[in-house]
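Chain and residue survey
Below, each chain spelled out in residue letters.
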Amino acid sequence: MNWPDIAGFGLGSSLLFLLLYAVRKLLGAVDLCVAAHQERLAEREQRASLIAVAQALPDGGLAVQYEQGRLDWLLLKPPPTGTGVFMPLEEPSERRVA
């Protein structure tokens, strides 16, 4: 006889340990799926808020969002074409000619 038989453990304990191991792995996989689902929902909510901001902007409007001190997104709604408004990105004096 070996010590598991003497202690009262047999095939049942091995199956119990195997079952506990499988449940632990299953819970880890479920946790990953739930985390991915929550991340997807957060991205969907952020996208919906961005669309709402874009629709609420007047022509020529600008919206900026910072997250943790860094630029998260920048949204510029250009003015309608043909208004004669032109906004250059850089000054002509700052351009370098090679």
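Residues numbered from 1 in each chain as written. Predicted model: local features only at pLDDT ≥ 70, side-chain atom pairs only at ≥ 80, totals over all residues. Heavy atoms only, no water.

**Remarks on the overall build of the protein chain**
To keep it simple, the criterion reads: Only DSSP runs of H or I with at least four residues qualify as helices, and only runs of E with at least two residues qualify as strands; both kinds are numbered from the N terminus onward. Partly exposed residues are those whose accessible area sits between 20% and 50% of the maximum for their type, while under 20% is buried and over 50% is exposed, using a 1.4 Å probe and protein chains only. Any pair of residues with heavy atoms lying within 4.5 Å of one another is described as a contacting pair. All accessible areas in this document rest on Shrake-Rupley with a 1.4 Å probe, and a residue is counted as covered only by the protein chains that are shown.
Within the protein chain, the regular secondary structure consists of two helices and two strands. Mapped from its N terminus to its C terminus, the protein chain presents α and β elements in the order α-α-β-β. Looking at the 98 residues of the protein chain, the share that counts as buried comes to 6%. In the protein chain, the share of contacts with a sequence separation of at least 24, taken over all contacts with a separation of at least 6, comes to 7%. Accessible surface computed for the protein chain: about 9100 Å², of which carbon and sulfur atoms make up 62%.

**Points about the pairing of strand β2 (residues 70-76)**
Cut-off, in case you're wondering: DSSP-based pairing: two strands are paired if at least 2 bridges between them are found.
By the bridge criterion, six bridges tie strand β1 (residues 62-67) to β2 in an arrangement that is antiparallel. Within the sheet, the bridge partner assigned to Y66 lies in β2 and is L71. The hairpin turn running from β1 into β2, its antiparallel successor, is two residues long, and Q68 in that turn takes a positive phi close to 55°.

**Digging into a nonpolar patch on the surface**
The test is simple: Patch rule: a residue counts if its relative accessible area is over 30% and it has no salt bridge; like charges are joined within 9 Å, and nonpolar side chains (Val, Leu, Ile, Met, Phe, Trp, Tyr) within 5 Å. Salt bridge, as used here, is a side-chain nitrogen of Lys or Arg placed within 4 Å of a carboxyl oxygen of Asp or Glu.
Together, L16, F17, L19, L20, V23 and L27 give the surface a local cluster of nonpolar side chains, amounting to about 610 Å² of exposed area. Among the secondary structure elements, L20 is positioned in helix α2 (residues 11-56).

**What about unusual backbone geometry?**
Peptide bonds are, in most cases, trans, and in most cases residues other than glycine have a negative phi. For Q68, which is not glycine, the phi dihedral falls at a positive 55°. Note on placement: Q68 falls in the loop between β1 and β2. On the basis of relative accessibility, which here comes to 77%, the residue Q68 falls in the exposed class.

Without other data, these values stay purely geometric and don't point to any function.
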